[in-house]
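Here is how the chains run, residue by residue.
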Amino acid sequence: MKRLVLGVQYDGSYWQGWQTQPSGKTVQDQLEKALSAFAQTAIVTACAGRTDAGVHALEQVVHFDTELDRSMYSWVNGVNAFLPDSISVQWATEIPFVDPDAHDNFHARFSAYARTYHYVLYNNPVRSALLSQRAGWVFRSLDLGRMQTALPYLIGEHDFTVFRAAACQAKSPIKHMYDVQIKRQGSMFIFSLRANAFLHHMVRNIVGALIFVGTGKRDPRWIEELIASRDRSLSAPTFMPDGLYLARIDYDQKWNLPQRKIQADFHFSPFV
């Protein structure tokens, strides 16, 4: 038995999120269908983090077990031949496998110690047809300085209940935010958030609150007050999923995964 790990990229605008559904219109359903067709046997996957409908992934990490003996090249290109254009396996690697019940096996979700998301936001009085489902949009002018002033209140270990969706299934709302940055590239604002884990809708809810600060609706210190309140009703509405990208999952170097190199900056280069 082998435990294989894949790096998967996808455009979430075509799919009803990651997790399998009866409709079959999810990334997991499409990936497992392609893997099973390639392997000619049923394959079930586990991922690092489930994404919602409309959310994209630069590098989702997935693992599964198989007895099939194929080269890593074949696992990439062979499986991609069965996938739609909006989903692509970027790399594959084999991890030493002890036994199904061993606690020291690699697991795409439980072996991860940090996740990074990017949110791409287009700030312009008129919406862009070319950025539809690729970036969020705000027509009111945003003040980068005001939003950056609010970021330190998000750093550290906090109870993030105020940014948690009602349907969130996480056991605890306490998460550790390692880093939050906002950078501007012309009309684009890039929000980058790195934490040990995220609650359901947490990134979109934080971005929505920061937009309230950026447009002048709220003072930067409001973010601190929100977190202390633990009251979701006091915050901004959940922002659109269009510009959200799962960018990076961090693992111990001992697993030697062939992941994309961590970029010092995320450059989004649309036709604007």
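Above this text sits the structure in question.
Residues numbered from 1 in each chain as written. Predicted model: local features only at pLDDT ≥ 70, side-chain atom pairs only at ≥ 80, totals over all residues. Heavy atoms only, no water.

A. Geometry of the state of the cysteines. One pass over the structure, following the stated rule, counts zero disulfides. Cysteine Cys 168 is unpaired, with the sulfur of Cys 47 as its nearest cysteine sulfur at 15 Å. (Disulfide = S-S within 2.5 Å.)

B. Broad picture of the side chain of Asp 250. Of note, Asp 250 is situated in strand β10 (residues 244–250). Side chain to side chain, Asp 250 and Arg 194 meet in a polar contact 2.9 Å long. (Helix = DSSP H or I, 4+ residues; strand = E, 2+ residues; numbered from the N terminus. Polar contact = N/O pair within 3.5 Å; in protein donor to acceptor, adjacent residues only side chain to side chain.)

C. Geometry of the packing of aromatic side chains. For the coordinates displayed, the defined rule picks out 10 aromatic pairs. Summarising the aromatic geometry, the rings of Tyr 117 and Phe 198 are spaced 5.2 Å apart at their centres and angled 85° between planes, so their arrangement reads as edge-to-face. Highlighted residues: Tyr 117 in strand β5 (residues 114–123) and Phe 198 in the loop between β9 (188–195) and α4 (202–214), separated in sequence by 81 residues. As far as the burial class goes, Tyr 117 and Phe 198 line up, both buried. Grouped by ring-pair contacts, the aromatic residues Phe 38, Phe 64 and Trp 75 constitute a single cluster. Between the NZ or CZ atom of Arg 218 and the centre of the ring of Trp 222, over which it lies, the distance is 5.2 Å. (Phe/Tyr/Trp six-rings, centres within 6.5 Å; stacked < 30°, edge-to-face > 60°. Buried < 20%, exposed > 50% of the residue type's maximum accessible area, 1.4 Å probe, protein only. Lys NZ or Arg CZ within 6 Å of the ring centre and 35° of its normal.)

D. Summary view of the nonpolar core. Core analysis: the largest hydrophobic core is formed by 77 residues, its most contacted members being Trp 75, Leu 154, Phe 163, Phe 191, Leu 210 and Tyr 251. Counting residues in each nonpolar core, the second largest holds nine residues, with Val 120, Tyr 122, Ala 135 and Ile 190 among its members. (Core = buried A, V, L, I, M, F, W, Y, C linked by side-chain atoms within 4.5 Å.)

E. The arrangement of the pairing of β10 in detail. Most of β10 is tucked away: seven of the seven residues are buried. Two elements, strand β3 (residues 56–66) and β10, share two bridges in a ladder whose sense is parallel. Directly across from His 56, in β10, lies its bridge partner Tyr 245. (Pairing = 2+ DSSP bridges.)

F. Main features of the side chain of Thr 26. Along the chain, the position of Thr 26 falls in the loop between β1 (2–10) and α1 (27–39). Beyond its immediate chain neighbours, meaning those up to four positions away, Thr 26 contacts Trp 15, Gln 16, Gly 17, Trp 18, Gln 19, Thr 20 and Gln 21. (Contact = heavy atoms within 4.5 Å.)

G. Up close: α1. For α1, which comprises 13 residues, the first-to-last C-alpha distance of 18 Å matches the rise-based estimate of 18 Å (1.5 Å per residue) to within 8%. In terms of burial, α1 is a largely internal element, 11 of the 13 residues being buried. Residues of α1 that are buried include every one of Val 27, Gln 28, Asp 29, Gln 30, Leu 31, Glu 32, Ala 34, Leu 35, Ser 36, Phe 38 and Ala 39, and no others. Positive backbone phi, at 60°, marks Gln 40, one or two positions downstream of α1. (Expected span 1.5 Å × (residues − 1).)

H. Just the pattern of salt bridges, in detail. Tallying each qualifying case throughout the model produces seven salt bridges. Among the ionic pairs, Arg 134 bridges to Asp 11, the shortest N-O distance being 3.0 Å. With Arg 134 in the loop between β5 and β6 (136–138) and Asp 11 in the loop between β1 and α1, the pair connects residues that are 123 residues apart, well separated along the chain. Residue class for Asp 11 comes out buried when judged on its relative accessible area of 14%. Asp 52 is the partner of Arg 204 in a salt bridge, and the nearest nitrogen-oxygen pair spans 3.8 Å. Pair noted here: Arg 204 is in helix α4 and Asp 52 is in the loop between β2 (46–47) and β3, with a separation of 152 residues, a long-range link. Residue classification places Asp 52 among the partly exposed residues on the basis of a relative accessible area of 25%. (Salt bridge = Lys/Arg side-chain N within 4 Å of Asp/Glu carboxyl O.)

I. Fine view of the packing of α4 against helix α5 (residues 222–229). The contact between α4 and α5 brings their axes to 10 Å, and the two run at 145°. In the crossing of α4 with α5, the sense of the turn from one axis to the other is right-handed. Facing α4, whose interface residues are Ala 209, Leu 210, Phe 212 and Val 213, α5 presents Trp 222, Ile 223 and Leu 226. Broken down by class, the residue content of the contact of α4 with α5 amounts to seven nonpolar, no polar and no charged. (Axes fitted to C-alpha atoms, helices over the stretch in contact; angles between N-to-C directions. Left-handed = near helix turned anticlockwise from the far one by under 90°. Nonpolar A, V, L, I, M, F, W, Y, C, P; charged D, E, K, R; others polar.)

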